[in-house]
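# Secondary and tertiary structure notes
Next come the chains, spelled out residue by residue.
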Amino acid sequence: MKKIKLLVLGKSNVGKSSLINYLTNSHISLVSNKVHATRVSTFHEFKLNDYHIQIIDTPGISIADNNLLAQAMKSNAIKHITNCDLIILLSQPQKTYEYEQRLLDEILLSNKPFIVCINKIDQDPDKKLCQTIHKQLSISTYLSISIKENLGMDVLMNNMLNKIENISDVSGFKMSNKNNLNIIQELIRESLINRTNKEIPYESAIRIVTYNKQKNIDQIKAEIIVTKDSHKKIIIGKNGNMIKTIGTKARMNIESLINKKINLSLFVLVKENWKNNPELLKDFGYID
């Protein structure tokens, strides 16, 4: 069976993780309406006809390089361009596509086959925001889709198959031993950021401390890292209700991922300026 490495690129909050969950028919990638949700690249697999596809879900890389975390997220995504077989550049209806053009320049330099998709077309029924795409992007065609409303997805799948059939040399892929831990880490972050507001989602990180596999129930201990004591109090909540809610939802998603019961223990720690601490960033998996 031919193995293809598929890279999904795009700004934060354009629907990359939703696309991956759609393609794999499961909830394995962090989905949130808050920007910069995904922090590390994760790998997921599915079959498309006679092809075995490995998808790389990348962090949104539209943020400024104002700390080591931002730089790490950009580097994490860009490095995969030269080490994949097919690229989907995902965007959405918007006034300007300057950012996408910069990414497209990188893609064209790599000489990799690619597909440009404009997601959330249901939010632009008159196509007013899409009218500038041909003027601003150096492409002849693009696909209009809505992952949420299942519009144009068949056309996307057919385009993927056409591109894949013309790929002669494939890069091959290996699954990292840390991939499942990275996915679990992101699922915990999803539960956290979907239940908190303001700056807390952006000032928090997750560290998997221990993962002990046992016969009946696996034991996972994880830390939630924040920058302020006030954030810690919010995440714990009155009588510990908030962290219980976060843990319950995360546990359900993790059990669905690994098809096994788990006991998830969450602890909140304060680490000031952790986003500029290379040792912590490496420990979290944000830096290789």
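The residue count restarts for each chain, going from 1 along the sequence in the order it is written. Local features in this predicted model are restricted to residues whose pLDDT is 70 or higher, and side-chain atom pairs enter the listing and the counts only when it is 80 or higher, whereas totals over whole chains, interfaces and linings include all residues. Neither water nor hydrogens contribute to the side-chain values; these are computed over all heavy atoms in the structure.

### Details of the overall build of the chain
Only DSSP runs of H or I reaching four residues or more are called helices, and only runs of E reaching two or more are called strands; each is numbered from the N terminus. A tally of helices and strands in the chain yields nine helices and nine strands. Buried residues are those whose accessible area, probed at 1.4 Å on protein chains only, stays under 20% of the maximum for their type, while exposed residues exceed 50% and partly exposed ones sit between those limits. Every one of the 288 residues in the chain was classed for burial, and the buried ones make up 51%. When checking whether two residues touch, look at their non-hydrogen atoms; a contact exists if any pair is within 4.5 Å. Taking all contacts inside the chain whose residues are at least 6 apart in sequence as the whole, residues at least 24 apart take part in 70%.

### Observations regarding the sheet that holds strand β5 (residues 114-118)
Should DSSP find at least two bridges between two strands, the strands are regarded as paired. As summarised here, the arrangement of the six strands in space is β2-β3-β1-β4-β5-β6, forming an open sheet in which the pairing is mixed. Edge positions in the open sheet fall to β2 (42-48) and β6 (143-144), since each of these has one partner strand only. Where strand β1 (residues 2-10) and strand β3 (residues 51-57) come together, seven bridges link them in parallel fashion. Residue pairing for β3: lysine 5 is matched across the bridge by glutamine 54. Sheet strands touched by helix α1 (residues 16-24): β1, β2, β3 and β4 (86-91). Its angle to β3, the strand with the most contacts, is close to 160°. Angles here are taken between N-to-C directions and fall from 0 to 180 degrees, while the axes themselves are lines fitted to C-alpha atoms, restricted in helices to the stretch in contact.

### Overview of the packing of aromatic side chains
The geometry of an aromatic ring pair is captured by two quantities: the separation of the ring centres and the angle between the planes. Each Phe, Tyr or Trp ring, with Trp reduced to its six-membered ring, pairs with another whose centre is within 6.5 Å; inter-plane angles below 30 degrees give stacked pairs, above 60 give edge-to-face pairs, and intermediate values give tilted ones. Applying the stated rule across the entire model yields zero aromatic pairs. In this scheme, the term charge over a ring applies when either NZ of a lysine or CZ of an arginine sits within 6 Å of the ring centre and within 35 degrees of the ring normal. We note lysine 213 situated over the ring of tyrosine 211; from NZ or CZ to the ring centre the distance is 6.0 Å. The side chain of lysine 221 reaches across the aromatic face of phenylalanine 267, ending 5.1 Å from its centre.

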